[in-house]
Amino acid sequence: MTKTGLAFALLVCLPPVLGAQASAPPSVVEIRTSAQSTVDLPAAGASLVVNFSVRGRTPGEAGRSNAARATAIRRALRGLGIPEDSITTRGYSSSLRTDGYQRDTHFVASNAVLVRTSQLALIPRVIDTVLAEGATNVADLRFWARGAEEARLEAIGDATRRARQQADALARAAGGRVGRLLELSTDPPRDRDAYAFGRLSGVVVTGVGDDPTPIQAPAVTVAVSVYTRWEFVPESR
């Protein structure tokens, strides 16, 4: 587990004067702290997007060729042990293309398939297999972990304790102690909290070499920040 503390501050908030005859209320001194905590989880599975495009002289020809390519890729993935319900369509498009002189007209049917697996050892074979079956490229490799919500709650508790420790240290240094808790908050969960990008993120694989595509699964990091606001109580009180 990697934990990082953030900055903290001691603030004095003075209320506005209500009138010349009214006695001014005592000033309110606040302690504000924040802390971050992270939990690294082992990758439990991965997903990637397989893209392929086929051209034809007519929309029907392009569509039929695309369907044949999709069938071949799905069959090959099932042969690796990927279940059918783990191979889903991510997107499909068909468009008219022409050259720069508007003379050579053809139609392009493009397909994107999302592949998910909990067998991390299969990822290199999945990549090489779909490329051999005519995939145009493979991209958006992501890894996920189990227990991300439990890890987030653990990190929230740890960050809160660290924020309180910072408040105690700051209060002691200022000659007082921590009083009432005035505010406690954290950031909402992010979509990427349960995911980590792999070695292929931002990289498009478009060819197959003699050696299998090397893939190393990273740790999936869940990170949270906690923000607190406390009352500062001088020693005289």
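All chains use their own residue numbering, which begins from 1 and follows the written sequence. Local features in this predicted model are restricted to residues whose pLDDT is 70 or higher, and side-chain atom pairs enter the listing and the counts only when it is 80 or higher, whereas totals over whole chains, interfaces and linings include all residues. As a rule here, side-chain values come from all non-hydrogen atoms in the structure, and water together with hydrogens is ignored.

Trainee: Which parts of the structure should I look at to understand the overall build of the protein chain?
Mentor: If you tally the helices and strands in the protein chain, you get three helices and nine strands. Labels follow the DSSP assignment, with helices taken as runs of H or I lasting at least four residues and strands as runs of E lasting at least two, numbered in each case from the N terminus. Reading the helices (α) and strands (β) of the protein chain from amino to carboxyl end gives β-β-β-α-β-β-α-β-α-β-β-β. Put simply, the protein chain has 237 residues, and 39% of those count as buried. In this analysis, two residues are considered to be in contact whenever any of their non-hydrogen atoms come within 4.5 Å of each other. In the protein chain, 81% of the contacts between residues at least 6 apart in sequence involve partners at least 24 apart. For each residue, the accessible area found with a 1.4 Å probe, counting protein chains only, is set against the maximum for its type, and the residue is called buried under 20%, exposed over 50%, and partly exposed in between.

Trainee: Teacher, can you tell me more about helix α2 (residues 123–132) here?
Mentor: Helical geometry note: an α-helix holds 3.6 residues per turn, so side chains three or four residues apart project in the same direction. Among the 10 residues that make up α2, eight are buried, leaving the element largely enclosed by the rest of the structure. What α2 keeps buried is the set Ile-123, Pro-124, Val-126, Ile-127, Asp-128, Thr-129, Val-130 and Leu-131. Contacts made by the buried residues of α2 are with β3 (45–56), α1 (59–79), β5 (105–117) and β6 (137–144). Positive backbone phi, at 110 degrees, marks Gly-134, one or two positions downstream of α2.

Trainee: What am I meant to see in helix α3 (residues 148–173) here?
Mentor: Take the residue count of a helix, subtract one, and multiply by 1.5 Å to get its expected span. Taking 1.5 Å of rise per residue, 26 residues should cover 38 Å, and α3 covers 37 Å from first to last C-alpha, within 8% of that figure. Inspection of α3 places Ala-148, Ala-151, Arg-152, Ala-155, Asp-158, Ala-159, Ala-163, Gln-166, Ala-167, Leu-170 and Ala-171 among the buried residues, and these make up the whole buried set. Among the residues trailing α3, Gly-175 stands out with phi positive, at a value near 80 degrees.

Trainee: Before we go on, may I ask you to explain the pattern of salt bridges in this structure?
Mentor: Opposite charge on two side chains allows them to pair when their charged atoms are near. A carboxyl oxygen of Asp or Glu within 4 Å of a side-chain nitrogen of Lys or Arg is what we treat as a salt bridge. Taken as a whole and judged by the stated rule, the model has eight salt bridges. Residue Arg-90 pairs with Asp-140 through a salt bridge whose shortest N-O separation is 3.9 Å. Note that Arg-90 is positioned in strand β4 (residues 87–98) and Asp-140 in strand β6, a separation of 50 residues in sequence. We classify Arg-90 as partly exposed; its relative accessible area is 48%. A residue is classified by how much of its surface remains accessible, and Asp-140, at 29% relative accessible area, is partly exposed. Several salt bridges share partner residues, and in doing so they unite Glu-30, Arg-32, Glu-183 and Arg-229 into one network.

Trainee: Please clarify how the packing of aromatic side chains should be interpreted in this entry.
Mentor: By convention, a stacked pair of Phe, Tyr or Trp rings (six-membered ring in the case of Trp) has centres within 6.5 Å and planes under 30 degrees apart, an edge-to-face pair has planes over 60 apart, and any other such pair is tilted. In this structure the tally under the stated criterion is zero aromatic pairs. The criterion is that NZ of a Lys, or CZ of an Arg, lies within 6 Å of the ring centre and within 35 degrees of the ring normal, and then a charge sits over that ring. Sitting over the ring of Trp-144, Arg-116 keeps its end group 4.2 Å from the ring centre. Note that Arg-164 overlies the ring of Trp-230, its terminal NZ or CZ placed 4.9 Å from the centroid.

Trainee: What's the story with the nonpolar core in this structure? I'm lost.
Mentor: Nonpolar side chains tend toward joint burial in soluble globular proteins. Within the largest apolar cluster, 34 residues are counted, with the highest numbers of intra-cluster contacts made by Leu-48, Val-50, Leu-77, Val-115 and Val-126. If you list the elements that add at least two residues to this core, you get β2 (28–41), β3, α1, β5, α2, β6, α3 and β9 (220–234). Every residue in contact with Val-115, bar those within four places of it in the chain, is listed here: Ala-46, Ser-47, Leu-48, Val-50, Leu-77, Ile-82, Ser-86 and Val-126. Take the buried residues of types Ala, Val, Leu, Ile, Met, Phe, Trp, Tyr and Cys, join any two whose side-chain atoms come within 4.5 Å, and each joined set is a nonpolar core. Ala-167, Leu-170, Ala-171 and Val-178 belong to the second-largest nonpolar core, a separate cluster that totals eight residues.

Trainee: Is there a simple way to explain the pairing of β6 in this structure?
Mentor: Successive side chains on a regular strand alternate, one facing one side of the sheet and the next facing the other. With six of eight residues buried, β6 lies mostly within the body of the structure. Direction of pairing for β3 relative to β6: antiparallel, over a ladder of six bridges. Considered in β6, the bridge of Val-50 is made with Val-138. The rule for pairing is simple: two strands pair if DSSP sees at least two bridges between them.

Trainee: Before we go on, may I ask you to explain the environment of Ser-95 in this structure?
Mentor: Along the polypeptide, Ser-95 turns up in strand β4. In this structure Ser-95 touches His-106, Phe-107 and Val-108, once residues within four positions along its chain are discounted.

Trainee: Would you take a moment to explain the side chain of Asn-66 for this structure?
Mentor: Take Asn-66: it is sitting in helix α1. Asn-66 sits in the buried class, given a relative accessible area of 1%. Residues adjacent in sequence count toward polar contacts only when both atoms are side-chain atoms; beyond that, a polar contact is any pair of N or O atoms within 3.5 Å, and within protein one must be able to donate a hydrogen and the other to accept it. Separated by 2.9 Å, the side chain of Asn-66 and the backbone oxygen of Ala-109 make a polar contact. Those residues in contact with Asn-66 that sit more than four places away from it in its chain are Phe-52, Val-54, Tyr-92, Ala-109, Ser-110 and Asn-111.

Trainee: Is there a simple way to explain the environment of Ala-174 in this structure?
Mentor: Checked against the element boundaries, Ala-174 lands in the loop between α3 and β7 (176–186). Sequence spacing of Ala-174 and Val-233 is 59 residues, and the spatial spacing of their C-alpha atoms is 9.8 Å.

By themselves, these are just geometric observations and shouldn't be taken as functional.
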